[in-house]
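Fold and contact review
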Amino acid sequence: MLAIPGIIALIIFIYARPQEFFERLRVVPLLYVFFGLAAFGALLDLRVGNAKLRSTPQLPWVMLLFVWASLTVLIRAPQAAFEHILSLSICVALYLLISQGVQSFRALHLVAGCVLAMVLFVCSVGAQQGFAATGCVVVDEAVRADTASGKPDGRSCVIPRNCYDGDAEPGAEYLCEHIGLFGTTSIGRGRVRYRGVLQDPNELALAGGVGLPLAFAFGQSKRRAHFRSVLAVLALMLVLLCSVLTGSRGGQIVCLVVLAVYFSKRAGLAGVLLGGVLALPVLLLGGRSGEEASSSTLERIDCWSEAIAMWREHPLLGVGLGQFVEHHYMTAHNSYLLALAELGLPGLLLFGIVVYLSAKIPIAVLRRVASDESGEFRAGAPLANAWAMALIAAFAGMAVGIFFLSFTYHYVLWIYVGLSGALYSAVRRHDPGFRVRLSGRDFVWLTLLAFALIVFVFFYTRWKLS
């Protein structure tokens, strides 16, 4: 398919951020170049008959979410509308390009393989960074304080005080952190991270955890089975190591959830318990403790409380797309509450529907393959099973992980929404009668869950902050 090269280039750009360590690339708007390349390839595919326009289950809800979110910011903060609508447009475009441009299992194999390769790349950089020597980092005051981005100045250090001696830059603020490959640096006393959209250790851990099922899917392939099984084991070890080095408690829970999903498929409840036992060392070795962990927890609870307060003040429209940080000094640290505070209750329901349908698609695929009596999946059943199981585990981990992170408009989330749509398109190519819809019962349950979330967070934050 002609759209695949552009889609792969987009995924590499989003994860690896090559323009940040190859300065000559900064003058080229690579994001828009690759979007244009992928869109042009998709149009050619339609023109020559390689692909057909297929409405995936998420499509109407994604478009409704986009329209609603745009409306909120146009009403609440029209002066900032263009910037935030453009950012959300990139998320929607990612979903559209992947779900429409990938319509076969072979293409899904290639694109998901690229995502896996990027996950292993960023986790490898994180793991190397965790064991690298420490050096002085000049803090960039132009960026948000909580990201503490900066540039290594080439001097080694043991404690931050060492950086203020010798050739220190007058008036500069320094950190003493691990210096990794491509100029990456750790943060907060050695918590590893990457660059760009993964410069937060928690987001790097989440990206690694939800990428792990893709390695398991490749491991189930019959072609070069031994090599792919070894790859799956090495990927598991690398992701778990990186998760420990990030010090992210949420990221480690994501890994636990992913493993639990796979073990439950194999051995039921006993498998879940076995997965928990295997993940226990990660939970014991990783994560923060003591005063730093307590402070982080209190900050997160305070942000949740502010999110509920914003929604209570603006229950229908919220404070507007991208406006949370205009009302509070930190982001919401919860994707569902961020949607609620910025987009109101309709926005939370629309976001929840998109995530729910993205998880429902692979579940429906597994059931369809299992009940296939006509032989539609005879050739593609192993691939359909492997990728459906991978996306079920990925969205189970994602649903938990984004409860602790502001991932509502994060590119990584929307790449996986696109992969779910691509799986649907690939299955429809073999079985045109396959359908996944949002039922009335689904909507009622999602609405009840939304209200349960609001009630729980309201009373929980009042109790913890009282």
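Cut-off values and rules
- Residues numbered from 1 in each chain as written.
- Predicted model: local features only at pLDDT ≥ 70, side-chain atom pairs only at ≥ 80, totals over all residues.
- Heavy atoms only, no water.
- Disulfide = S-S within 2.5 Å.
- Helix = DSSP H or I, 4+ residues; strand = E, 2+ residues; numbered from the N terminus.
- Buried < 20%, exposed > 50% of the residue type's maximum accessible area, 1.4 Å probe, protein only.
- Expected span 1.5 Å × (residues − 1).
- Arc of directions from axis to C-beta.
- Contact = heavy atoms within 4.5 Å.
- Phe/Tyr/Trp six-rings, centres within 6.5 Å; stacked < 30°, edge-to-face > 60°.
- Lys NZ or Arg CZ within 6 Å of the ring centre and 35° of its normal.
- pLDDT = per-residue confidence, 0-100.
- Pairing = 2+ DSSP bridges.
- Axes fitted to C-alpha atoms, helices over the stretch in contact; angles between N-to-C directions.
- Core = buried A, V, L, I, M, F, W, Y, C linked by side-chain atoms within 4.5 Å.
- Salt bridge = Lys/Arg side-chain N within 4 Å of Asp/Glu carboxyl O.
- Parallel < 35°, antiparallel > 145°, perpendicular 65-115°, else oblique.
- Left-handed = near helix turned anticlockwise from the far one by under 90°.

1. Here's the deal with the state of the cysteines
- Under the defined criterion, the tally for this structure stands at two disulfides.
- The disulfide bridge from C136 ends at C163, spanning 2.2 Å between sulfur atoms. The chirality of the disulfide connecting C136 with C163 is left-handed, given an S-S dihedral of about -95 degrees. In this pair, C136 sits in strand 1 (residues 134–139) while C163 sits in the loop between strand 2 (150–156) and strand 3 (174–178), placing the two residues 27 residues apart along the sequence. The same class applies to C136 as to C163, namely buried.

2. Some details on helix 2 (residues 30–48)
- In this model, helix 2 (19 residues) spans 27 Å end to end at C-alpha, consistent with the 27 Å of a helix rising 1.5 Å per residue.
- Of all the residues in helix 2, the buried ones are L30, L31, F34, F35, A38, G41, A42 and D45. Down the axis of helix 2, the sector holding all buried residues measures 135 degrees, keeping them to one side. Along helix 2, the residues that are exposed and aim more than 90 degrees away from the buried face are F40, L43, R47 and V48.
- Along its buried surface, helix 2 packs onto helix 1 (4–16) and helix 4 (81–101).
- Backbone geometry just after helix 2 places G49 at a positive phi near 90 degrees.

3. Some words on the packing of aromatic side chains
- Counted by the stated rule, this structure contains 17 aromatic pairs.
- A centroid spacing of 5.4 Å and a plane angle of 15 degrees characterise the contact between F456 and Y460, whose relative ring orientation is stacked. Taken together, the residues span about one helical turn, with F456 and Y460 both in helix 14 (residues 440–465) at a distance of four residues.
- Judged by relative accessible area, F456 falls into the partly exposed class, the value being 44%.
- On the basis of relative accessibility, which here comes to 24%, the residue Y460 falls in the partly exposed class.
- Here F458 and F459 contribute two aromatic rings whose centre-to-centre distance is 5.1 Å and whose plane-to-plane angle is 80 degrees, an arrangement assigned as edge-to-face.
- Overall, F459 belongs to the exposed group, its relative accessible area being 53%.
- These aromatic residues form a ring-pair network of at least three members: W304, Y336, F351, F403, F404, F456, Y460 and W463.
- For R17, the ring lying beneath its charged end belongs to F13, and the centroid distance is 5.5 Å.
- Sitting above the plane of the Y174 ring, R155 keeps its charged end 5.2 Å from the centroid.

4. Things to note about the confidence of the model for the protein chain
- Per-residue confidence for the protein chain averages 88 on the pLDDT scale, and 88% of its residues sit at or above 70.
- In the model of the protein chain, helix 8 (residues 249–285) stands out as the element of lowest mean pLDDT, 71, in contrast to helix 3 (residues 59–76), which has the highest, 97.

5. Side note on the sheet that holds strand 1
- The strand order across the open sheet formed by three strands is 2-1-3, and the pairing between neighbours is antiparallel. If you trace the sheet from one side to the other, it starts and ends with strand 2 and strand 3, each paired once. Each adjacent strand pair in this sheet contributes to an overall mean axis angle of 40 degrees, direction not counted.

6. Re the nonpolar core
- Of all hydrophobic cores here, the largest spans 143 residues; its most connected members are Y15 and Y416.
- Those residues in contact with Y416 that lie beyond four places of it in its chain are Y15, V115, V210, G211, L214, L391, A394, F395 and M398.
- If you look at the next biggest cluster of nonpolar residues, it comprises seven residues, including C136, V138, A172 and C176.

7. A word on the environment of A396
- Locating A396 in the fold gives a position in helix 12 (residues 381–401).
- Other than its neighbours up to four places away in sequence, A396 contacts V257 and V261.

8. A closer look at the environment of F21
- You can see F21 is positioned in the loop between helix 1 and helix 2.
- Note on F21: relative accessible area 22%, which makes it partly exposed.
- Sequence separation between F21 and G183 is 162 residues, and the spatial gap between their C-alpha atoms is 7.2 Å.
- Not counting residues within four places of it along the chain, the set of residues in contact with F21 comprises A16, F182, Y194 and R195.

9. Observations concerning the pattern of salt bridges
- Enumeration over the complete set of coordinates arrives at five salt bridges.
- A salt bridge links R195 to E20, with the nearest nitrogen and oxygen atoms 3.2 Å apart. Taken together, the positions of R195 in the loop between strand 3 and helix 6 (201–219) and E20 in the loop between helix 1 and helix 2 put the pair 175 residues apart, joining distant regions of the chain.
- The exposure class of R195 is buried, given its relative accessible area of 18%.
- Across the pair D153 and R155 runs a salt bridge whose closest N-O atoms are separated by 2.9 Å.
- Taking relative accessible area as the criterion, D153 reaches 30% and is therefore assigned partly exposed.
- Members of the salt-bridge network, linked through shared partners, are R17, E20 and R195.

10. Some thoughts on the packing of helix 11 (residues 335–370) against helix 13 (residues 411–430)
- As a packed pair, helix 11 and helix 13 sit with axes 9 Å apart at the nearest point and diverge in direction by 40 degrees. Compared by their axis directions, helix 11 and helix 13 come out oblique. For the pair helix 11 and helix 13, the crossing hand works out as left-handed. Contact with helix 11, carried on its side by F351, V354, L357, S358, I361, P362 and V365, involves L413, W414, V417, S420, L423, Y424 and V427 of helix 13 and no other residues of that element.

11. Looking at the packing of helix 5 (residues 105–130) against helix 13
- Across the interface, helix 5 lies against helix 13 with an axial gap of 9 Å and an inter-helix angle of 165 degrees. With respect to their mutual orientation, helix 5 and helix 13 come out roughly antiparallel. As for how helix 5 packs across helix 13, the hand of that crossing is left-handed. Here helix 5 contributes F105, L108, V111 and V115 to the contact with helix 13, which in turn contributes I415, Y416, L419, A422, L423, A426, V427 and H430.

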